[in-house]
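# Chain and residue survey
So the chains spell out like this:
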Amino acid sequence: MSTTLPPHVVPSPDHDGRPQRRAEDRAAPRRPMRRAEDRATDRRPMRRAGDGVASRHSVTLVVPAQNEARNIPWVFEQIPRCVDEVILVDGSSDDATVPMARHCLPTVRSVQQSGPGKGNALRTGFAAASGEYIVMMDADGSMWPGEIPHFLHFLDHGFDFVKGSRCIAGGGSLDLTKVRSFGNRALLAVVNRLYDASLTDLCYGYCAFRRSFLDALDLRSSGFEIEAEMIAHALRSGLRMAEVPSLELPRRSGRSHLHAVSDGRRVLRTLITERPGARSSAAASAGEQR
């Protein structure tokens, strides 16, 4: 399986032979985003060949955002037609994140997260989702919505939890620093050892899953470690998991809220605490002390 590079990354030759920065430099003026029902009847070419076959199930896209007004337009204009519902979870933004989202996609559902942290935002969005499939992705432009059909393909064919991987053929990263790369490899070794798994990537929050397994995921984390908690609980619960190639792009604007060292420690603590048998051992020890 291969991953097609997003339109803004691939240079295309102009009539004078000079490369263009964006594919749409030569395109007609962009029309404003329309309602979902209008887009469904559009007969223009689709962004991906795989997007031509709609999923058999309804799809909700959950996008947590805090001060991402400058990135929202690019993200929302790339959302494929197979997505039925878009939920923007706002983290008390003090810019135009919510108005911009409504301008780009009038049908978007905007909900306010109930507490701080990415984990809280995702749990808020999951609780509000109505689709049979839930896809989660960031609002900073580092994840290309055009890859969503890949995730849905595996859900449609029997898998319960699908995660993006930057470390398999067709995937990659244009934004992975040495510190983040080292931390990801170290934490990946931990999860594969403790959970008897063979994953290729861990600290990457582009995932999709069946909403019916939301209770089995039993999510409680409030920070970035929720991504590791989801994978740990999916593995521990025996969910059928697949990885699909994904290309991580640089954040389009603004600064990341991720703190590599402190968040890495929280991820490690989550993996160790949630490992198979850890809870039962803790409960047994508590019973003996009584």
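Residues numbered from 1 in each chain as written. Predicted model: local features only at pLDDT ≥ 70, side-chain atom pairs only at ≥ 80, totals over all residues. Heavy atoms only, no water.

## A closer look at helix 4 (residues 118-128)
The buried fraction of helix 4 is high, at nine of eleven residues. Every buried residue belonging to helix 4 is among Lys118, Gly119, Asn120, Ala121, Leu122, Thr124, Gly125, Phe126 and Ala128, and all of these are buried. (Buried < 20%, exposed > 50% of the residue type's maximum accessible area, 1.4 Å probe, protein only. Helix = DSSP H or I, 4+ residues; strand = E, 2+ residues; numbered from the N terminus.)

## Looking at a nonpolar patch on the surface
On the surface, Leu194, Leu268 and Ile272 cluster together into a nonpolar patch covering about 210 Å² of accessible area. Mapped onto the secondary structure, Leu268 falls in helix 9 (residues 260-273). Taking the relative accessible area as the measure of exposure, Leu268 reaches 33% and is therefore partly exposed. (Patch = residues over 30% accessible without salt bridge, like charges linked within 9 Å, V, L, I, M, F, W, Y side chains within 5 Å. Areas by Shrake-Rupley, 256 points an atom, 1.4 Å probe, with all protein chains shown as cover. Salt bridge = Lys/Arg side-chain N within 4 Å of Asp/Glu carboxyl O.)

## A look at the sheet that holds strand 3 (residues 109-112)
Sheet architecture is open: seven strands sit in the order 3-2-1-4-7-5-8, paired in mixed fashion. Edge strands, defined here as strands with exactly one partner in the open sheet, are strand 3 and strand 8 (241-245). Neighbour-to-neighbour, the strand axes of this sheet turn through a mean angle of 20°, independent of strand direction. As paired strands, strand 2 (residues 85-90) and strand 3 are joined by four bridges and run parallel to one another. Its bridge partner lying in strand 3, Ile87 is registered against Arg109. Along the sheet, helix 4 contacts strand 1 (59-65), strand 2, strand 3, strand 4 (133-136) and strand 7 (207-210); its crossing angle with strand 1, the most-contacted strand, is approximately 150°. Docked against the sheet, helix 5 (residues 148-156) engages strand 1, strand 4, strand 5 (161-165), strand 7 and strand 8, running at close to 145° with respect to strand 5. (Pairing = 2+ DSSP bridges. Axes fitted to C-alpha atoms, helices over the stretch in contact; angles between N-to-C directions. Contact = heavy atoms within 4.5 Å.)

## Considerations on the pattern of salt bridges
Scanning the entire structure with this criterion turns up 16 salt bridges. In this structure, Glu248 and Arg180 form a salt bridge, with 3.0 Å as the shortest nitrogen-oxygen distance. Here Glu248, found in strand 9 (residues 247-248), pairs with Arg180, found in helix 6 (residues 178-194); they are 68 residues apart in sequence, far enough to count as distant. The class for Arg180 is partly exposed, based on a relative accessible area of 23%. Through salt bridges with shared partners, one network takes in Arg166, Asp175, Arg180, Asp201 and Glu248.

## Remarks on the side chain of Asn71
Here Asn71 shows up in the loop between strand 1 and helix 2 (72-77). Engagement of the side chain of Asn71 in a polar contact is seen with the side chain of Ser253, the distance being 2.7 Å. Ignoring anything within four residues of it in the chain, the contact list for Asn71 reads Ala139, Asp140, Arg251, Arg252 and Ser253. (Polar contact = N/O pair within 3.5 Å; in protein donor to acceptor, adjacent residues only side chain to side chain.)

## Some details on the packing of helix 4 against helix 8 (residues 226-236)
Between two packed helices, the angle of one axis relative to the other and the distance separating the axes together describe the packing. Between helix 4 and helix 8, the least distance of the axes is 9 Å, while the angle of their chain directions is 55°. What the angle tells us is that helix 4 and helix 8 run oblique. Between helix 4, through Lys118, Gly119, Leu122, Arg123 and Phe126, and helix 8, the contact on the second element is made entirely by Ile226, Glu227 and Met230. A class-by-class count of the residues in the contact of helix 4 with helix 8 yields four nonpolar, one polar and three charged. (Parallel < 35°, antiparallel > 145°, perpendicular 65-115°, else oblique. Nonpolar A, V, L, I, M, F, W, Y, C, P; charged D, E, K, R; others polar.)

## Description of helix 3 (residues 97-104)
Along an α-helix, residues three or four apart share an orientation, since each turn contains 3.6 residues. If you check which residues of helix 3 are buried, you get Thr97, Val98, Ala101 and Cys104. Taken down its axis, helix 3 places every buried residue within 130° of arc, on the same side. (Arc of directions from axis to C-beta.)

Worth remembering: the numbers are spatial, not functional.
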